[in-house]
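# Summary of structural features
Read off the chains here:
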Amino acid sequence: MSQRQPRAVALISGGLDSMLAARAILDQGVHVEGLNFYTGFCVEGHTHAVRDKDRARPKRNNALWVAEQLGIKLHIIDTVEEYKDVVINPRHGYGQFMNPCLDCKGFMVGKARQWMDANDFDFIITGEVIGQRPKSQLKRTMPVIAQESGANDRLLRPLCARLLEPTLPEREGWVDRERLFDWSGRSRKPQMELAERFGLDDYAQPAGGCCFLTDPSYSRKLQDLWKARGERRYELDDIMLLKMGRHLRPRPHFKLIVSREDGENRFMHGYRRQFTHLVPTSHGGPLALLDGDAGAEDLELAARLVARFSQGRDAERVRVAVTEKGGEPRELDVAPMAADDVPQEWYVG
Amino acid sequence: MLAEPVIVDARGLLCPMPVIRVQDAIAGMSPGAEVHLLATDPGVQADVPAWCRVHGHRVEAVLEEGDTLRVCIRVRD
Ligand code: SF4
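### Some points on the overall build of chain B
For chain B, the count of helices and strands is two helices and four strands. Put simply, chain B runs from its N terminus to its C terminus through helices and strands in the order β-α-β-α-β-β. What you see for chain B is a C-alpha radius of gyration of 11 Å, in line with the 11 Å of a compact globule of 77 residues. Principal-axis analysis of the C-alpha atoms gives chain B an extent of 30 × 25 × 20 Å. Taken over 77 residues, chain B has a buried fraction of 49%. A total accessible area of about 3,900 Å² is found for chain B, and carbon and sulfur atoms account for 50% of it.

Here it is in structure tokens:
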């Protein structure tokens, strides 16, 4: 290699570990740019902020925030379509919930390798720490990710590099191995200390993981979706809507997504033309989207359920406007369902 | 004569898709060119300027047009 400055592409999730890894390599005089992958499942500040109760939280994209703190460029890559295969057919299976972490890591590092090749970069860095996560960050899985992604020894994990075989950037002297780390285990203490040393604060600390697939309730909703459809497939709209509202499946062939408050109501409003939808007219109440096929009896049942979540829940009768997909609204006059009549099993998630 | 701005229509998309659309459009544009992003997700008010800052592009205005936000961006020289 010529004397040009080495160039590294860093996977930036928006969390602390990938931020520290990138910073450690920047400090060694390497040119670093960040990649962030949008899968549709990402825990995103704005998706949370749809809900009114979360509106006070700062609405920032954490990966962009990290890039700004580090003074690096960040490229956000839309992987929604390609990522479906990772979620639907993970070769290494799922973690505790529907999170295919090992396949996901291999996929992302593989995308980073393609980007590295196309943009004439030299190596890839991630914020992985051995033993940090139960399945995807074990010493024996580290080479799996390196091999399956095709990155091989151009994949450097600065936070645990000294526990692993030296990689190409270390052997070539692009980075000094002695200034890398040897962290392992679940403790967050070394990360906190290094963050403090770098003067970094206000970083995001997602509980559990970087995406909704580590969320038990979300995972149950995804499994329910596949079961009801009789096949494992999804569209972006499906997985966005799994983040919203109460999901109730009173019959195997349809479910209702009932908004919980104004923010969700506004968001779901944008989807109403794609679904049969219901909204109370005689009383204040939520918008509900009906996913599946519903006959006349099903619509009556759905209307009674929606009435149960309206301000008319204690009234004798509630009028509910029902608009079938592509049709005109018509009103049903129904008795709201009593809370006790809604079986717990109808709630999905 | 000044070239017309390139319009990137990301109405109805949630962040970060509007940012990705802007990024992909700018990748093929000349320095100094102008992009107008149309979006409905209020998140763009934070994310697009942040993305522009890290890439050196300039947000010249954010206009509210009914339910639509128009973000006017000048590609870096
Ligand atoms: S938590 Fe989600 S984004 Fe993170 S590695 Fe696992 S599957 Fe991938």
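### Examining the sheet that holds strand β1 (residues 6-10) of chain B
Adjacent strands of a sheet form backbone hydrogen bonds with each other and so pair up, either parallel or antiparallel. Residues and elements named next belong to chain B. The four strands lie next to each other as β1-β2-β4-β3, forming an open sheet whose pairing is mixed. Sheet topology places β1 and β3 (58-65) at the edges, where each strand pairs with a single neighbour. When the angles between neighbouring strand axes are averaged without regard to direction, this sheet yields 20 degrees. As paired elements, β1 and strand β2 (residues 34-39) share five bridges and run parallel to each other. Directly across from Val6, in β2, lies its bridge partner Val35. Lying on the sheet, helix α1 (residues 17-27) is in contact with β1, β2 and β4 (68-74); it crosses β1 at an angle near 155 degrees.

### Side note on the site of the ligand
If you check the shell around the ligand, you find Tyr83(A), Pro100(A), Cys101(A), Cys104(A), Cys210(A), Cys211(A) and Thr214(A) and nothing else. For the shell around the ligand, the residue count by class is six nonpolar, one polar and no charged.

### Concerning the pattern of salt bridges
All names here are of chain A. Scanning all chains against the criterion turns up 28 salt bridges over all chains. Put simply, Arg229 and Asp238 hold a salt bridge, and the shortest N to O gap is 2.9 Å. A relative accessible area of 25% means that Arg229 is categorised as partly exposed. Looking at Asp238, the relative accessible area reads 12%, which means it is buried.

### Thoughts on the domain arrangement of chain A
Here the domain parsing of chain A yields domain 1 (7-211) and domain 2 (244-348). Distance between the C-alpha centres of domain 1 of chain A and domain 2 of chain A: 41 Å.

### Some details on the sheet that holds strand β11 (residues 329-334) of chain A
A sheet is described by the order of its strands in space; here seven strands give the open sequence β11-β10-β8-β9-β7-β6-β12 (chain A), paired in antiparallel fashion. The sheet terminates laterally at β11 and β12 (347-348) of chain A, the two strands that pair on one side only.

### With respect to the nonpolar core
Counting residues in hydrophobic clusters, the biggest one holds 74 residues, and the most contacted among them are Leu20(A), Ile25(A), Val32(A), Phe123(A), Leu241(A) and Leu37(B). Per-element accounting of this core gives the leading share, seven residues, to helix α1 (residues 16-26) of chain A. Residue contributions to this core reach at least three from each of two domains, namely domain 1 (7-211) and domain 2 (244-348) of chain A. Not counting residues within four places of it along the chain, the set of residues in contact with Phe123(A) comprises Pro6(A), Arg7(A), Ala8(A), Val9(A), Ile25(A), Val30(A), Met116(A), Arg154(A), Leu156(A), Pro169(A), Trp174(A) and Val175(A).

### Some points on helix α11 (residues 262-269) of chain A
Residue and element names in this part refer to chain A. Residues of α11 that are buried include every one of Gly263, Glu264, Phe267 and Met268, and no others. Down the axis of α11, the buried side of the element spans an arc of 125 degrees, and every buried residue falls inside it. Elements that come into contact with the buried residues of α11 comprise α10 (236-241), β7 (254-258) and β9 (288-292). At the N-terminal end of α11, a side-chain oxygen is found 3.1 Å from the backbone nitrogen of Gly263, two or three residues along, and the residue is Glu261.

### Points about the pairing of strand β1 (residues 7-11) of chain A
Along any regular strand the residues' side chains alternate between the sheet's two faces. Residue and element names in this part refer to chain A. Burial of β1 is extensive: four of the five residues sit out of reach of the surface. Bridging between β1 and strand β2 (residues 31-38) involves five bridges; their strand directions are parallel. Bridge assignment links Ala10 to a residue of β2, and that residue is Gly34. Read from β1 through α1 to β2, the crossover connection turns out right-handed. In this sheet, strand β4 (residues 123-125) lies alongside β1 in parallel orientation, the contact comprising three bridges.

### Here's the deal with the interface of chain B and chain A
Facing 17 residues of chain B, the contacting portion of chain A comprises 18 residues. A buried area of about 1,500 Å², summed over both sides, lies between chain B and chain A, and 67% of it is on carbon and sulfur atoms. Contact with chain A buries area across many residues of chain B, yet Leu14(B), Pro16(B) and Val54(B) alone supply 33% of it, more than any other trio. Counting across the interface, chain B meets chain A through one salt bridge. Viewed at the interface, chain A and chain B are joined by five residue pairs in polar contact (both at pLDDT 80 or more). Where the side of chain B that touches chain A is concerned, the elements lending two or more residues are α1 and α2 (44-55) of chain B. Of the residues forming the side of chain B that touches chain A, the biggest block, seven residues, is contributed by α2(B). Looking at the side of chain B that touches chain A residue by residue, the class counts come to 10 nonpolar, three polar and four charged.

Quick notes on the rules
- Residues numbered from 1 in each chain as written.
- Chains lettered and ligands numbered in written order.
- Predicted model: local features only at pLDDT ≥ 70, side-chain atom pairs only at ≥ 80, totals over all residues.
- Heavy atoms only, no water.
- Helix = DSSP H or I, 4+ residues; strand = E, 2+ residues; numbered from the N terminus.
- Rg over C-alpha atoms; globule rule 2.2 N^0.38 Å.
- Buried < 20%, exposed > 50% of the residue type's maximum accessible area, 1.4 Å probe, protein only.
- Areas by Shrake-Rupley, 256 points an atom, 1.4 Å probe, with all protein chains shown as cover.
- Pairing = 2+ DSSP bridges.
- Axes fitted to C-alpha atoms, helices over the stretch in contact; angles between N-to-C directions.
- Contact = heavy atoms within 4.5 Å.
- Near = heavy atom within 4 Å.
- Nonpolar A, V, L, I, M, F, W, Y, C, P; charged D, E, K, R; others polar.
- Salt bridge = Lys/Arg side-chain N within 4 Å of Asp/Glu carboxyl O.
- Domains from an automatic or database assignment.
- Core = buried A, V, L, I, M, F, W, Y, C linked by side-chain atoms within 4.5 Å.
- Arc of directions from axis to C-beta.
- Polar contact = N/O pair within 3.5 Å; in protein donor to acceptor, adjacent residues only side chain to side chain.
- Right-handed = clockwise from strand over helix to strand, strands pointing away.
- Buried area = accessible area lost by both parts, 1.4 Å probe.

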